[in-house]
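Below are the chains, spelled out letter by letter.
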Amino acid sequence: SNWGIIILLLTLFIKLLLWPFVYKSYLSQAKMRVLRPQIEAINEKYAGKDQEMMMKRNTETMNLYRSAGASPMSGCLPMLLQMPILIALYWLFPTAIELRQQSFLWAKDLSTFDAVISWDANIPLISSFMGNHISLFCLLMTIVNVVYSKINMNMSNTGQQQMPGMAMMTYMMPVMFFFIFNQNAAGLSYYFLVSTLITILQTASFRYFINEDKLLAKLEANKKKPRKGNSFMERMAEMQKKQQAELERQQKQRNTQRQAQNTKRQERKR
């Protein structure tokens, strides 16, 4: 009869349903994490910001992943599977008649925001985006998401060079969600809060049970086996080879043009 407990059970059910895919995603991150020293060696070997070095670095990295049996794209599957569920819940909680006037903990109505701090003054931009209040479930959700972002960023560091500002964007996303969800239903923020806490527990359990030394040994053994890379990795490797060949052709063409120009200059001097 308590809708807070029902939302908790719903969250557990969804997490249980997605558990195999989340495990596969974590395993993919773990594979790339144990390969990090080899990725860093490739980065040092092909250090430089010119296009040719970047292409060689990317090609060697993709070849390493393919031979070891790791795929950077495997970690995206759980997020894609969760998107339809998240979109459905985003529209469900504020409009569900069953949640109206249903209290849970400090929230008096799970279908609307649970304001713990309110003010009357109209603050430009802030009032228009988040209202004149702070919702406690939304605030807790944001804090937990920032902590999870920090954990996830440390665990997904594979040694590859990242775009400038990506770390800041990782922390900015939970803050942006705070402004989006602060005026939304408390039940929705509560769902995301519990969901993120369960995800943190899942990550900790995966880290405890997966032996990364054994995983690295398995990946090293995969390199010695004849292996059919998955179609995506094969296409990526083929594209890398074509781009590298095109760069080499352009470089040769530029060298030929320079030699021709130098020859003409020497003839003019004579």
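Thresholds, definitions, all that
Residues numbered from 1 in each chain as written. Predicted model: local features only at pLDDT ≥ 70, side-chain atom pairs only at ≥ 80, totals over all residues. Heavy atoms only, no water. Helix = DSSP H or I, 4+ residues; strand = E, 2+ residues; numbered from the N terminus. Buried < 20%, exposed > 50% of the residue type's maximum accessible area, 1.4 Å probe, protein only. Contact = heavy atoms within 4.5 Å. Areas by Shrake-Rupley, 256 points an atom, 1.4 Å probe, with all protein chains shown as cover. Core = buried A, V, L, I, M, F, W, Y, C linked by side-chain atoms within 4.5 Å. Arc of directions from axis to C-beta. Patch = residues over 30% accessible without salt bridge, like charges linked within 9 Å, V, L, I, M, F, W, Y side chains within 5 Å. Salt bridge = Lys/Arg side-chain N within 4 Å of Asp/Glu carboxyl O. Expected span 1.5 Å × (residues − 1). Bend = angle between axes of the 7 residues up to and from the residue. Polar contact = N/O pair within 3.5 Å; in protein donor to acceptor, adjacent residues only side chain to side chain. Phe/Tyr/Trp six-rings, centres within 6.5 Å; stacked < 30°, edge-to-face > 60°. pLDDT = per-residue confidence, 0-100.

**Observations regarding the overall build of the protein chain**
Of the regular secondary structure elements, the protein chain holds 10 helices and 2 strands. When the elements of the protein chain are put in sequence order from the N terminus, they spell out α-α-α-α-β-α-β-α-α-α-α-α. Taking all 270 residues of the protein chain together, the buried fraction comes to 34%. Expressed as a percentage of contacts within the protein chain between residues at least 6 apart in sequence, the contacts between residues at least 24 apart total 77%. Summing over all exposed atoms, the protein chain offers an accessible surface of approximately 17,200 Å²; the carbon and sulfur share of this is 62%.

**A closer look at the nonpolar core**
Counting residues in each nonpolar core, the largest one holds 33 residues, and the members touching the most others are Ile 7, Phe 93, Leu 110, Phe 137, Leu 188, Tyr 191 and Phe 192. When residues in this core are grouped by element, the largest group, 9 residues, is from helix α8 (residues 186–209). The contacts of Phe 137, once residues within four sequence positions are left out, are Phe 104, Leu 105, Trp 106, Ala 107, Asp 114, Ala 186, Ser 189, Tyr 190 and Leu 193. Counting 11 residues, the second largest nonpolar core, distinct from the first, contains Met 32, Val 34, Tyr 65 and Leu 219.

**Some thoughts on helix α2 (residues 36–45)**
Taken as a whole, α2 has its buried residues at Ile 39, Ile 42 and Asn 43. In a view along the axis of α2, the buried residues occupy a sector of 100 degrees, so they form one face of it. Across α2 from its buried face, at more than 90 degrees, point the exposed residues Pro 37, Glu 44 and Lys 45.

**Describing a nonpolar patch on the surface**
Where nonpolar side chains cluster on the molecular surface, the patch consists of Leu 105, Trp 106, Val 116, Ile 117, Leu 139, Leu 140, Ile 143, Val 147 and Ile 151 and spans about 740 Å² of accessible area. Elements that contribute at least two residues to the nonpolar patch include exactly β1 (115–118) and α6 (136–155). Among the elements that line the nonpolar patch, the one with the most residues is α6, at 5 residues. Residue placement: Ile 117 occurs in strand β1.

**Side note on helix α1 (residues 3–34)**
Its 32 residues give α1 an end-to-end C-alpha distance of 43 Å, which sits within 8% of 46 Å, the value for a rise of 1.5 Å per residue. Maximal helix bending in α1 amounts to about 55 degrees, located at Trp 19; proline Pro 20 follows within four positions. Looking at where α1 begins, the residue whose side-chain oxygen comes 2.8 Å from the main-chain nitrogen of Gly 4 is Asn 2.

**Concerning the side chain of Ser 111**
Mapped onto the elements, Ser 111 comes out in the loop between α4 (77–95) and β1. Look at Ser 111 and you get buried, because its relative accessible area is 12%. Within polar-contact distance, the side chain of Ser 111 engages the side chain of Asp 109 at 2.7 Å. If we skip the residues at most four places from it in the chain, Ser 111 touches Phe 93, Pro 94, Ala 96, Leu 99, Arg 100 and Ala 185.

**So, the packing of aromatic side chains**
Aromatic ring pairs are defined here through the distance separating the ring centres and the angle between the ring planes. Applying the stated criterion to the full structure yields 15 aromatic pairs. Residues Phe 177 and Phe 181 carry aromatic rings whose centres are separated by 5.8 Å and whose planes lie at 55 degrees to one another, so their mutual orientation is tilted. With Phe 177 and Phe 181 both in helix α7 (residues 166–181) and 4 residues apart, this pair spans about one turn of that helix. For Phe 181, a relative accessible area of 7% translates into the label buried. Pairwise contacts between aromatic rings join Tyr 90, Trp 91, Phe 93, Phe 177, Phe 181, Tyr 191 and Phe 192 into one cluster.

**Looking at the confidence of the model for the protein chain**
Averaged over all residues, the pLDDT of the protein chain equals 76, while 80% of them reach at least 70. Averaged over each element, pLDDT in the protein chain is lowest for helix α10 (residues 231–269) (68) and highest for α8 (87).

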